[in-house]
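What follows is the residue order along each chain.
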Amino acid sequence: MNKLSNVSPGHSGVVIKLGKSGKLRRKIIDMGITPGTKITVLSVAPLGDPIKIEIRGYELSIRKSECQEIIIDEEKEAIKSNNELN
Amino acid sequence: MNLTKNKYNDSVQSQNKIIDIHQNQNKTFKIGLVGNPNSGKTTLFNRLTGSNQYVGNWPGVTVEKKEGTLKNHNLSANIIDLPGIYSLSPYSPEEVLTRDFIANDCPDLIINIIDSTNIERNLYLTTQLMELDCNMILAVNMIDILEKKGKVINYDLLEKKLNVPVVPISASKGGGLDKLIDKASEILHNQIIAFGQKNKIFCLNIESIINKISDIIEKDSNIIINKRFYAVKILEDDFIITSKFNFDTKTKEKIENLKKQIPTDDIFDREIIIADQRYKYICSICKQSTKQKITRKKKSLSNKIDVIATGKFTSIPLFVILMLAVFYITFGPIGNYFKISAENIINVYIGQKIENILIFLGASDWSLSLVMDAAVRGVGSVISFLPQVLILYGLLSFLEDSGYMSRAAFVMDKLLKKLGLSGKSFIPLLMGFGCSVPAILGSRIIENKKDRFMTIFLIPFMSCSAKTPVYLLFASSFFPYHQTIVIFSIYILGILVAILTAYIFKDSLFKGENSTFIMEMPEYKFPSAKNLWLHIWQKTKDFIERAGTVILGATVIIWFLESFDKNFSFVSDSSKSILALAGNFVSPIFTVCGFADWRVVVSLLTGLIAKESIVSSMALLYASDNAQHLSYILTNSFSIYAALAFMVFVLLYTPCVAAVSAIYKEFGSLKLTVFSIIYQLFIAFLFSALTFQIGTLIGSFIP
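A short tour of the structure in this document, coming up.

About the thresholds
- Residues numbered from 1 in each chain as written.
- Chains lettered and ligands numbered in written order.
- Predicted model: local features only at pLDDT ≥ 70, side-chain atom pairs only at ≥ 80, totals over all residues.
- Heavy atoms only, no water.
- Helix = DSSP H or I, 4+ residues; strand = E, 2+ residues; numbered from the N terminus.
- Buried < 20%, exposed > 50% of the residue type's maximum accessible area, 1.4 Å probe, protein only.
- Contact = heavy atoms within 4.5 Å.
- Areas by Shrake-Rupley, 256 points an atom, 1.4 Å probe, with all protein chains shown as cover.
- Pairing = 2+ DSSP bridges.
- Buried area = accessible area lost by both parts, 1.4 Å probe.
- Salt bridge = Lys/Arg side-chain N within 4 Å of Asp/Glu carboxyl O.
- Axes fitted to C-alpha atoms, helices over the stretch in contact; angles between N-to-C directions.
- Core = buried A, V, L, I, M, F, W, Y, C linked by side-chain atoms within 4.5 Å.
- Parallel < 35°, antiparallel > 145°, perpendicular 65-115°, else oblique.
- Nonpolar A, V, L, I, M, F, W, Y, C, P; charged D, E, K, R; others polar.
- Phe/Tyr/Trp six-rings, centres within 6.5 Å; stacked < 30°, edge-to-face > 60°.
- Lys NZ or Arg CZ within 6 Å of the ring centre and 35° of its normal.
- Disulfide = S-S within 2.5 Å.
- Right-handed = clockwise from strand over helix to strand, strands pointing away.

A look at the overall build of chain B
Right, so step 1: What chain B contains, in helices and strands, is 31 helices and nine strands.
Right, so step 2: Judged by the C-alpha coordinates and their principal axes, chain B covers about 90 × 60 × 60 Å.
Right, so step 3: Among the 703 residues that make up chain B, the fraction classed as buried is 55%.
Right, so step 4: Across chain B, every contact between residues at least 6 apart in sequence was considered, and the portion connecting residues at least 24 apart equals 73%.
Right, so step 5: Taken as a whole, chain B presents about 30600 Å² of accessible surface, with 62% of it coming from carbon and sulfur.

Put into structure tokens, the structure is as follows:
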């Protein structure tokens, strides 16, 4: 379990939990970051912030302060069945 | 739109339908283009309507609603191009615009354009659009790129699963568009219902709760259109939508109880459950209908470029090199060569010929003066700078189309954040070097109001391309061997003043909550020659049009005012004219800047109409025959430091009327607009005076 902002480039993990509800979280959800999805941290901007991640097959940039509350499990692999309609 | 269309199983309805079909043949329909940012809506719009709207490669190029007529004889329709949205819960002003249009204006048909290379996230919006009572077609775009990636989509299966018509297209290459129009025509003329509401996106429990809430909405507010959409938004506690309904306490309680029937825990609250089920629905559909034929290479070209473009040690040097290259190509030897050629053509070929013809025709002195001074020399002096303006514009367009802009925003975000801005501000700021007006409108991609206002406030300090003729004229006259470096310093000064301004106002005028920088990074694309040509051609047309209208108009007015005295008799010495009289009244203010000359004051004033007018006015007022002569007169009328001070003033003072009105439109506040004008004048005067005074002081020590 780790904050997305602390995951180093090249590492990936599965979203466990999102933070408090609000405008920012809504935007995060709408961009496809939901519990169970796999996120790969691609790179960190040269000045240390923001970071670039890969999610659902596309690339997204997000500030570290904005992904503080996104909790990632680096061990866990994306559960395939989780992505299917139950 | 009426909902009775849904129930056409009884015979009376079908009879009505036949009559309706007849009426529908001649109707002009309203078709809205809806989709994620950067999914190709404007490219499709241009294809369908034959227009030339601005397209680029970053999310948020289109910030305004644009309307055009469909070029097709089988179907009469108005196409509306809307700003891109990721979801129907909007954040930024242009996203609100799109949602309001779809939910309130009820177009006859929505073409939901999705990027096939990024189908999962694109379909998220689709699942929301399917909740509306509106016909829709899913246009799956960029299938040519998808093919190259070795991916295959089973469109028939996708159509069957989603219950809405699916048409694969390639908007940039023009493929599949006939099919798309045929499908639209079929739906609109035959009144086929192409709603996606039959789909059970959510689990049974939530579906039944949604149905119950929509029943409440229908009974309580008499809303029958889009009630499923509203019901879901109420479940999500969408603030804007819930505030639209005035339920009584009893109904409110009923709705609250329904909401509570959805089991939640500390990870999955209602908002997340709804989004999660949408994505699960999408994933299951994608899994069945898409196939990866060839396994993708580990690193795509985009990733390889990004290693350098956003790399720790390479990104900033690359950025600096790119900016220097743009600058060097525009103002260095290449740009200069084109400028000299243009000058020659205008003076030698066009100017001389016109003069000869007029003399041959026996034109009077004053009419000869009007045509030669105002039209040929005045406007001609501006047009000779067109090549360099175009080079600058073309290079910026190249960067815009390539996808580099969002990388630069990514690299610059942290620096800009320190100035109270966001990385997204970078794109409109860079566009400001082309023209302030689209840059100011383009700042709408910034969701945060404070950031957006600050960006707009700073854009005028990014020296626009219309100011380049002034710099070129002065730099080539006064610093013939150091032109490039002098102009470069002017640009840098503009940026420094913007940074200073940001520091001054970030904790006072533009104080507020911090912005976000959640931004999609599009894949790199090699800019299409067609698109590049389109940008350049538009700018040329715009430039010539301005030269022929506002700039010519201003020059003719100036010519008139400088050729007649207050008794309206023609004077050969313009220092006795009405204009000189008025100009002399104001010019003493500029003594401290070193250019207290009525001709300078008048030129600066015409610069408010269009910046290029400064050059045409000067050419006219300093009565020059051609550019070489103008340079000669200028070097005799200005000291070197006064020339520098003048360039600084032009860089920083109030932008043209078009830009000011754009600023006013975006601020929506007269007070703030007037403040920005006063601030610009103050800063321009301050820096111009400092330049002259310090320059003169240093100059006095150098023998």
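Next, the rest of the story.
Structural notes on the sheet that holds strand β4 (residues 51-55) of chain A
Right, so step 1: The seven strands are arranged β1(A)-β6(A)-β2(A)-β3(A)-β4(A)-β5(A)-β9(B) in an open sheet whose pairing can be described as antiparallel. Because the sheet does not close on itself, it has two edges, and the strands there are β1 (2-3) of chain A together with β9 (519-521) of chain B.
Right, so step 2: Bridge count between β4 of chain A and strand β5 (residues 58-62) of chain A: five bridges; the pairing is antiparallel. Paired with isoleucine 53 of chain A across the strands is leucine 60 of chain A, a residue of β5 of chain A.

Some points on the interface of chain B and chain A
Right, so step 1: Contacts between chain B and chain A engage 50 residues on the former and 39 residues on the latter.
Right, so step 2: Between chain B and chain A the total buried area reaches about 4100 Å² when both faces are included, carbon and sulfur atoms providing 55% of it.
Right, so step 3: For the chain B face of the interface with chain A, the top three residues by lost area are Tyr91, Phe410 and Ile518 of chain B, together amounting to 18%.
Right, so step 4: Summed over the shared surface of chain B and chain A, the number is eight salt bridges.

Focus: the sheet that holds strand β5 (residues 136-141) of chain B
Residue and element names in this part refer to chain B.
Right, so step 1: Taken in spatial order, the six strands make up an open sheet running β2-β3-β1-β4-β5-β7, and their pairing is mixed. The two strands at the open ends of the sheet, each matched to only one other strand, are β2 (66-69) and β7 (166-168). In this sheet, adjacent strand axes meet at a mean angle of 25° when their direction is disregarded.
Right, so step 2: Of the strand pairs in this sheet, strand β1 (residues 29-35) and strand β3 (residues 77-81) are connected by five bridges, and their pairing is parallel. If you follow glycine 32 over to β3, its bridge partner there is isoleucine 80.
Right, so step 3: Each of β1, β3 and β4 (109-115) is contacted by helix α3 (residues 93-105), which is oriented at about 140° to β1, the strand it contacts most.

So, helix α22 (residues 468-478) of chain B
Right, so step 1: Among the eleven residues in α22 of chain B, ten count as buried, and that is most of the element.
Right, so step 2: Listed as buried for α22 of chain B are Thr468, Pro469, Val470, Tyr471, Leu472, Leu473, Phe474, Ala475, Ser477 and Phe478 of chain B.

Side note on the pairing of β4 of chain B
Residues and elements named next belong to chain B.
Right, so step 1: With respect to burial, β4 is a largely interior element, seven of its seven residues being buried.
Right, so step 2: Both faces of β4 are covered, namely the face carrying Leu109, Ile111, Ile113 and Asp115 and the face carrying Ile110, Asn112 and Ile114.
Right, so step 3: Across five bridges, β1 lies against β4 in parallel orientation. Residue pairing for β4: glycine 32 is matched across the bridge by isoleucine 110.
Right, so step 4: The pairing of β4 with β5 spans six bridges and is classified as parallel. From the neighbouring strand, isoleucine 111 faces β5, where its bridge partner is isoleucine 137.

Notes on the nonpolar core
The nonpolar side chains of a soluble globular protein tend to be buried with one another.
Residue and element names in this part refer to chain B.
Right, so step 1: In this structure, Phe474, Phe595, Leu604, Leu634, Phe638, Phe646 and Leu652 are the most contacted members of the largest nonpolar core, which totals 106 residues.
Right, so step 2: In terms of residue count, helix α29 (residues 640-652) provides more of this core than any other element does, ten residues in total.
Right, so step 3: Once residues within four sequence positions are removed from consideration, phenylalanine 595 is found in contact with Phe590, Val600, Leu604, Phe638, Ala642, Ala645, Phe646, Phe649 and Ser688.
Right, so step 4: Counting 78 residues, the second-largest nonpolar core is a separate cluster that includes Ile114, Leu138, Ile217 and Leu235.

Focus on the packing of helix α25 (residues 578-586) of chain B against helix α26 (residues 598-606) of chain B
The geometry of a pair of packed helices is captured by two quantities: the angle between their axes and the separation between those axes.
Residue and element names in this part refer to chain B.
Right, so step 1: In the contact formed by α25 and α26, the axes pass within 8 Å of each other and the chain directions differ by 90°. Looking at the two axes, α25 sits roughly perpendicular to α26. Two secondary-structure elements touch here, α25 through Leu579, Ala580, Gly583, Asn584 and Val586 and α26 through Trp598, Val601 and Val602.
Right, so step 2: Its residues assigned to classes, the contact of α25 with α26 shows six nonpolar, two polar and no charged.

What to know about the packing of aromatic side chains
Right, so step 1: All chains considered together, the criterion is met by 35 aromatic pairs over all chains.
Right, so step 2: Taking the centre distance of 4.8 Å and the plane angle of 40° together, the rings of phenylalanine 560 of chain B and phenylalanine 564 of chain B count as tilted.
Right, so step 3: Overall, phenylalanine 560 of chain B belongs to the partly exposed group, its relative accessible area being 35%.
Right, so step 4: By relative accessible area, which is 14% here, phenylalanine 564 of chain B ends up buried.
Right, so step 5: Aromatic side chains phenylalanine 590 of chain B and phenylalanine 595 of chain B sit 5.3 Å apart centroid to centroid with 25° between the ring planes, which places their arrangement in the stacked category. Across this residue pair, the class does not change: phenylalanine 590 of chain B and phenylalanine 595 of chain B are buried.
Right, so step 6: Over the ring of tyrosine 279 of chain B we find arginine 56 of chain A; its NZ or CZ atom is 3.7 Å from the centre of that ring.

Observations regarding the state of the cysteines
Right, so step 1: Applying the stated criterion to the full structure yields zero disulfides over all chains.
Right, so step 2: Counting only cysteine sulfurs, cysteine 106 of chain B is the nearest neighbor of cysteine 134 of chain B, a cysteine outside any disulfide, at a range of 6.8 Å.

Some words on unusual backbone geometry
Right, so step 1: The linkage connecting aspartate 49 of chain A with the following residue, proline 50 of chain A, adopts the cis geometry, with an omega of -5°.
Right, so step 2: With respect to the helices, strands and loops of the structure, proline 50 of chain A is situated in the loop between β3 (38-44) and β4.
Right, so step 3: For methionine 142 of chain B, which is not glycine, the phi dihedral falls at a positive 60°.
Right, so step 4: At aspartate 237 of chain B, a position not held by glycine, the phi torsion is positive, near 60°.

With respect to the pattern of salt bridges
Right, so step 1: Inspection of every chain in the model, using the stated rule, returns 27 salt bridges over all chains.
Right, so step 2: A salt bridge links aspartate 237 of chain B to lysine 259 of chain B; the nearest nitrogen and oxygen atoms lie 2.7 Å apart. With aspartate 237 of chain B in the loop between α9 (227-235) and α10 (239-242) and lysine 259 of chain B in helix α11 (residues 249-260), the pair connects residues that are 22 residues apart, well separated along the chain.
Right, so step 3: Assessed through its relative accessible area of 43%, aspartate 237 of chain B is described here as partly exposed.
Right, so step 4: Ionic contacts of the salt-bridge type, sharing partners, join the residues Arg25, Arg26 and Asp30 of chain A together with Lys233, Glu236, Asp269 and Glu271 of chain B into one network.

Concerning the pairing of β5 of chain B
Residue and element names in this part refer to chain B.
Right, so step 1: Along β5, six of the six residues are buried, which leaves the element largely enclosed by surrounding structure.
Right, so step 2: Neither face of β5 is open: one carries Met136, Leu138 and Val140, the other Ile137, Ala139 and Asn141, and all of them are buried.
Right, so step 3: On the question of chirality, the crossover connecting β4 to the parallel β5 by way of helix α4 (residues 119-129) is right-handed.
Right, so step 4: Relative to β7, β5 runs parallel, the two being bridged by three bridges. Its bridge partner lying in β7, alanine 139 is registered against valine 167.

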